[in-house]
Structures are given as structure tokens and as C-alpha cells.
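So you can see what is in the structure, the chains are spelled out below.
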Amino acid sequence: MGTTLTARVRRHLLDLDLSVDVEQAPVTVVFGPSGSGKTTLLRCLAGLDRPESGSRIEYDGALWCDDSTWVRARDRRIGLLFQDHVLFPHLSVAGNVGYGLRQLPRADRPARIREALAAAGAEHLIDRAVPQLSGGEAQRVALARALAPRPRLLLLDEPLSALDTPTRARLRGELRRLLREAGVPALVVTHDRAEALALGDRVAVLIDGRLRQFDDVATVFSAPADLAVADAVGTETIVAGQVVDTDQGVTRVQVRGHLLHAVTAEPLPEGSPVLACVRAEDVALHLGAAESGGSPRNHLAAVVTGLDDHGPLLRVDLDAGFALAAYVTRPTREDLGLTPGLRVTAVIKAPAVHLVPRGTT
Amino acid sequence: MDWQAIDLSVRLSLATTAILLVIAVPLAAWLAHTPRRWPVLIEAVVALPLVLPPTVLGFYVLVALGTRSPIGQWWYELTGKTLAFSFTGLLIASVLYSLPFAVQPLLASFAGLDRRLLDASEVLGRGRVDTLLRVVLPMCRPGLATAAVLTFAHTMGEFGVVLMVGGNIPGETRTVSISIYDSVQAFDYATAARTSLALLAFSLVVLTVTYSLQRRGALTWVRR
């Protein structure tokens, strides 16, 4: 068995059991809406807060916390990256990165500082003063500061959410590579779907202090375990319906005047209530009437009700008898001449419709 | 002009400031970061000299330092001297009297510090003393400076407490303010005027230097 983090943490609302093989999944994301207990979990793992009795935290064979054991934060050899860098403003960049190198002989420190800055893609910032750094630069320096003492585990608390949108997008793409190259197992706490999708190997969904799903990143986002998870991970369309029948693995669901085709692993009882979840990325739009003959099973007549900027994409809100969301690119919008009021056909492949049996929440 | 009194006041103020910073830094750090509630009581006791008349404070200190009290007796057996009406006794009284002037600016300064800086320091392997010396104090230089200047100025100008505890022994307990009072009582207005002017000029210079250092940023760290 590889290096594992095993945590049973109880504190206030938080009550969770988590076991992660960090060699198998170098970057684990704890995903949850605000107030779900993510930060509490992170602080307990870091050793900054002490969980309540009955808790137990073990990492790589070392017991960090149980009812009679408490390893202080400074003895856990972890790296912690805050939402907004929290650099020491009175120290230089090098001073910040070197802050955790107390145990390293003085002569070896400059080399280690450079090495850590390089690992965070921040070599060029070594001579800058902390107050002159931009948000993205400061976060790189903070990453270097966390990596410099060669921690055994890196904890990241919403590492990108304090940055402006373009910087966040740029760093999001890079952070996973930096984390992988650093070779330090990482646990990222976030409420940002894009961050979770971009960074995580495995995603643990935390809602109201409970672990609701822990799975591969793709599984969590395309097959949420229940309605609460689906809501939290942001499946864009969730609509109630009733199972009509299942034939050769394809389940037909009656949804407000439409018959949706979905692929399910197990047949669902006829007439049982379900929620159909469709991610906006999986909805394609065509002009004009529904054309049959293609492979997608679902063709829904819909009217555009609104258009919304969503980073590089546009979110198109549709009325298909129920509210449906689709993502399109900007050229698509121009080609189709998408404006509110336009009649379109929404096309969805059956495997993209995920059914959550109702009452599982 | 009573140079002896000025010299004594300066010595008393410097010693009080030095002792108070040593006491007030850990006290304020503890008050600012303790999660418990009862330290509010300590905070109230520390602030007492702000509202008590100096004579009341002086009276209690006098009683506490007198040869009939355990403290006074212990000191007498140890050194063969009395604490009351001595420079040491005066120093103890001054420390108590100026305690809120040292603790409160530091407390405000420590409490205003982003707690996550302390978390960052701890996670990076530093203990509490290390964090205090490397993060808290450097970032709280304005609070430290304010505490030192206020303590110094407050001790220079104290009168009631000195009169109660120290009396009026030249070179031992006669401070500037006592000397001025003495001169006026003896209708020696010329001496009183000269000493007063010297004290006024000195105070003004100290405050001007402090504020100009603060303005130039020598006492603060640069904010973003």
C-alpha cells in the first residue's frame, strides 16, 4: 500500500471519514459549497485546529491526532497555501521563501530558495519586494514558500479564488503541472468547479460537513451520486421526471412533455421518480426543427431565453418545457445568430443524461 | 533650573519604559490571542490606572511597599532599605501607573494582525517565541513605538503617584514635576518657569521626532 492519509474528523458540523491513497491520486480535491466545512477540515489536517474527541488523523503511518495524541502543526511537515498568499509583508521574497528553512544549514538556504522559486515558476521574482507583487505572482511565491521545506503533504485552501479571472485561468492550467512536478501529494479545498476539474485526480464532495461522494474527478462531475452532489458540482440542468421504461440499457424518462433517453447502469423501476441531470457542455444546439436520423437520441424543441458570459464560453438559457442550459463558443453564437426568442433544437446524447433516482438525498 | 530633578525624571522614565515593554509585550500577546474569556478581568485591572486618581493608586502602592507589608519587609530584609520613598519604589509605582499606556497600543496592534500570518509561521515550523520575534514584533513596530513613547511621556509627567510613594527626596525621588511644584510653593517662580520650559521643550522634541519617524515609514512596514 502506498502513502495514505486517513482522517476521521469531527468538529462542529464536520463529521467525515476520508481515506486517500496519495500515491495513486497525487491531487485530491475536497469540493463543497461554502459552509460545508472544507476549511475546518483543512485546518484540522494542518494541525491549526484540534478536532473533537473521536477524531483520528494518520498520515503515511504517523499518527497526527487522536484522543490522546496531538502533533503540533509545526511538527507535521506540511505545506499550506492560503486563498490570498498571506506572505509576510515585512520580509523580502527570498526571506519569505526561506522562512521555513530553520533546520537547513545557513549555507544551503540560498540554493533551496532558488530551487523552490523555480518549482513554483517564480524564479524571476527573487529580487522583488512583497508589496510590489501582483496577485498571481504573490501566489507563486507563496507556493514556493510552502514547497521550500520539502513538505510531506501540501494543503491548498481555495488557491486561486482570490485572483482576477485571467490570472486565475492561466494559473489554473499551470498549477496542476507544478503540483505534479513538485512531487508532493496535495489536498486542494475548493468550491470552484473549474478548479476542481482542472486540478483533481480524485474529488471528495463535502456537503454540510458530510462526505457525499469520493470518486474520480470525471465520475463525480458526470455522475453525481445524489441530488445534493449534483447541485453542488453544478450539473447545469436538473429536472424531475418519471421512468417510462428501460430497453437495452436505455432508460426513457418522461420530463414535462418530452421523452428523454438516458443510459443507466442498472434498470430503474417503471414509474419511479428520477432527476435527469445534463451538463451544459453536453447540450448541442441546432437551428430549425428537430432532425432525426443522427446518433443522438434526444432532440428537444426549445426557445432561447437568455445569453450569459461564462469565461471563454457563453451560457445559453433555453426553455424546452423546462429550463435547460447549454454552453456554446462565441463563433457558434455568431453562426447561429443566437438571440433571445430564437427557436432552436437542443441535442443531447443519451449517455450525457445522468439519472439520479429521487429520494436518495 | 533643577537639573538633578530632570536627570532623575529621565532615568525613571527610561527605566519604566524598558521594564514595561518587557512585561507588556508577552502580556498583550497573551491577551490578544487567548481564546478564553476570563482574561477580560486582567484587561480591566491593567486599565485601572486610567480611571483611578493617582493618589488612590499611590496610596495602595505605598501600603503595599511599606515595611509592614510582606513585600516591603522582604525587600528590607534583603537590602536593608525601605521600598517606600526610594527610587526603586518609585519605579515599581511608575510601572503600574503606566501599564495601560504600554499594554493597550500593543494589544490593539496584536489584535489587528492577520491571524493567518501566525498560522503560516506555525506551519512553516516556527514556535511561538520565534513567531513573536520574527513576525509579530516586526509587523507591530508602530504599536511598539506608540507604547514606548506614551509610557515615557506619561512617566515624565506623573505627579500624584510620585508624591504619595516617593515623597520629595532630592536625587532619589524628586522628579521634575515635584521640583516645579516645590518651586511654586516656595514662590520661586523663576526656577519653576525655567524647569517647566525645559520639560515642555523636551516633550515637544521627543514627540516631533517620533511622529516624523512614523511619517517617514521608519516605524511602519510598507502596506500594499
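Everything discussed here concerns the structure shown above.
Everything numeric in this text was worked out from a predicted model, so none of it was measured.

Colleague: Explain the nonpolar core to me, and be specific about the residues and the numbers.
Modeller: Ranked by size, the top nonpolar core spans 63 residues in total, and within it A:Ile57, A:Leu155 and B:Phe110 carry the most contacts. Take this core: its biggest share by element is 8 residues, from helix H1 (residues 3-33) of chain B. Grouped together as the second largest cluster of nonpolar side chains are 47 residues, A:Val93, A:Leu117, A:Leu154 and A:Ile207 included.

Colleague: Hey, could you go over the layout of surface pockets for me, with residue numbers and the actual values?
Modeller: Where empty space is left can be seen by rolling a probe of water-molecule size over the atoms. Each pocket or cavity is described by its volume, and for the largest pocket that value is around 1100 Å³. As for the largest pocket, its lining consists of 28 residues, and the residues nearest its centre are B:His33, B:Arg115, B:Leu118, B:Glu122 and B:Arg128. The element that contributes the greatest number of residues to the lining of the largest pocket is helix H7 (residues 128-139) of chain B, accounting for 5 residues. Empty space within the second largest pocket amounts to approximately 540 Å³. Lining the second largest pocket are 17 residues, with A:Arg172, A:Ala194, A:His310, A:Gly311 and A:Tyr327 positioned closest to its centre. Sorting the residues of the lining of the second largest pocket by element identifies helix H5 (165-182), helix H6 (193-199) and strand S17 (313-319) of chain A as the ones contributing at least two each. Element by element, the count of residues in the lining of the second largest pocket is highest for H5(A), at 4 residues. For the lining of the second largest pocket, a count of residues per class yields 6 nonpolar, 4 polar and 7 charged.

Colleague: Mind laying out the interface of chain A and chain B, listing which residues take part and the relevant values?
Modeller: Taken together, the contacts link 23 residues of chain A with 21 residues of chain B. By the criterion of area lost to chain B, the three top residues of chain A are A:Arg74, A:His90 and A:Tyr99, representing 32% of everything that side buries. Along the contact surface separating chain A from chain B lie 3 salt bridges. Measuring nitrogen to oxygen at the nearest pair gives 2.8 Å for the salt bridge that ties A:Asp84 to B:Arg116. Put simply, chain A and chain B have 6 residue pairs in polar contact (both at pLDDT 80 or more) between them.

Colleague: I'd like to hear about the side chain of A:Ser272, residue by residue, with values.
Modeller: Residue and element names in this part refer to chain A. Looking at where Ser272 falls in the secondary structure, it is placed in the loop between strand S13 (258-263) and strand S14 (273-278). Separated by 2.8 Å, the side chain of Ser272 and the backbone oxygen of Pro269 make a polar contact. When sequence neighbours within four positions are dropped, the list of residues in contact with Ser272 reads Gly241, Gln242 and Val243.

Colleague: Residues and numbers for the sheet that holds S13(A), please.
Modeller: Residues and elements named next belong to chain A. A sheet is described by the order of its strands in space; here 5 strands give the open sequence S13-S12-S11-S14-S20, paired in antiparallel fashion. Sheet topology places S13 and strand S20 (353-357) at the edges, where each strand pairs with a single neighbour. Strand-to-strand twist in this sheet, taken as the mean axis angle between neighbours without regard to direction, amounts to 45 degrees. Across 6 bridges, strand S11 (residues 237-247) lies against S14 in antiparallel orientation. Among the inter-strand pairings, Thr237 is bridged to a residue of S14, identified as Val278.

Colleague: How would you explain the packing of H7(B) against helix H8 (residues 141-156) of chain B if you had to name every residue and give the values?
Modeller: All names here are of chain B. Running from amino to carboxyl end, H7 crosses H8 at an angle of 70 degrees, the nearest separation of the two axes being 4 Å. The orientation of H7 with respect to H8, classified from their angle, is roughly perpendicular. Counted together, Leu137, Pro138 and Met139 of H7 and Arg141, Pro142 and Leu144 of H8 form the full contact between these two elements. Tallied by class, the residues present in the contact of H7 with H8 amount to 5 nonpolar, no polar and 1 charged.

Colleague: Describe in detail the pairing of strand S7 (residues 153-157) of chain A, supporting the description with residues and values.
Modeller: Residues and elements named next belong to chain A. Across the 5 residues of S7, 5 count as buried, placing the element largely inside the fold. Across the two faces of S7 the burial is the same, with Leu153, Leu155 and Asp157 and Leu154 and Leu156 all buried. As paired strands, strand S6 (residues 78-81) and S7 are joined by 4 bridges and run parallel to one another. In the strand pairing of S7, Gly79 is matched with Leu154. Pairing geometry for S7 and strand S8 (residues 186-190), over 4 bridges, is parallel. Each bridged residue has a counterpart across the sheet, and for Leu154 the counterpart in S8 is Ala186. With H5 bridging S7 and the parallel S8, this β-α-β connection has right-handed handedness.

Colleague: Would you mind going over H7(B) in detail, with residue names and values included?
Modeller: Turning to H7(B), its buried residues are B:Thr131, B:Leu132, B:Val135, B:Val136, B:Leu137 and B:Met139. Buried residues along H7(B) sit in contact with H1, helix H5 (87-111), helix H6 (115-123) and H8 of chain B.

Colleague: So what about the packing of H5(B) against H8(B)? Which residues, and what values?
Modeller: Residues and elements named next belong to chain B. At their nearest, the axes of H5 and H8 sit 8 Å apart, and the two run at 160 degrees to each other. Judged by the inter-axis angle, H5 sits roughly antiparallel to H8. Between H5 and H8 the crossing geometry is right-handed. Note on element contacts: H8 touches H5 through Gly143, Leu144, Thr146, Ala147, Leu150, Thr151, His154 and Thr155, opposite Ser94, Tyr97, Ser98, Phe101, Ala102, Pro105, Leu106 and Ser109. In the contact of H5 with H8, the residues fall into 8 nonpolar, 8 polar and no charged.

Rules of the game
- Residues numbered from 1 in each chain as written.
- Chains lettered and ligands numbered in written order.
- Predicted model: local features only at pLDDT ≥ 70, side-chain atom pairs only at ≥ 80, totals over all residues.
- Heavy atoms only, no water.
- Core = buried A, V, L, I, M, F, W, Y, C linked by side-chain atoms within 4.5 Å.
- Buried < 20%, exposed > 50% of the residue type's maximum accessible area, 1.4 Å probe, protein only.
- Helix = DSSP H or I, 4+ residues; strand = E, 2+ residues; numbered from the N terminus.
- 1 Å grid on protein atoms, 1.4 Å probe; cavity = no way out; pocket = protein on both sides within 12 Å on 5 of 7 lines; lining within 4 Å.
- Points joined across faces, edges and corners; volume = space filled by probe spheres on them.
- Nonpolar A, V, L, I, M, F, W, Y, C, P; charged D, E, K, R; others polar.
- Contact = heavy atoms within 4.5 Å.
- Buried area = accessible area lost by both parts, 1.4 Å probe.
- Salt bridge = Lys/Arg side-chain N within 4 Å of Asp/Glu carboxyl O.
- Polar contact = N/O pair within 3.5 Å; in protein donor to acceptor, adjacent residues only side chain to side chain.
- Pairing = 2+ DSSP bridges.
- Axes fitted to C-alpha atoms, helices over the stretch in contact; angles between N-to-C directions.
- Parallel < 35°, antiparallel > 145°, perpendicular 65-115°, else oblique.
- Right-handed = clockwise from strand over helix to strand, strands pointing away.
- Left-handed = near helix turned anticlockwise from the far one by under 90°.

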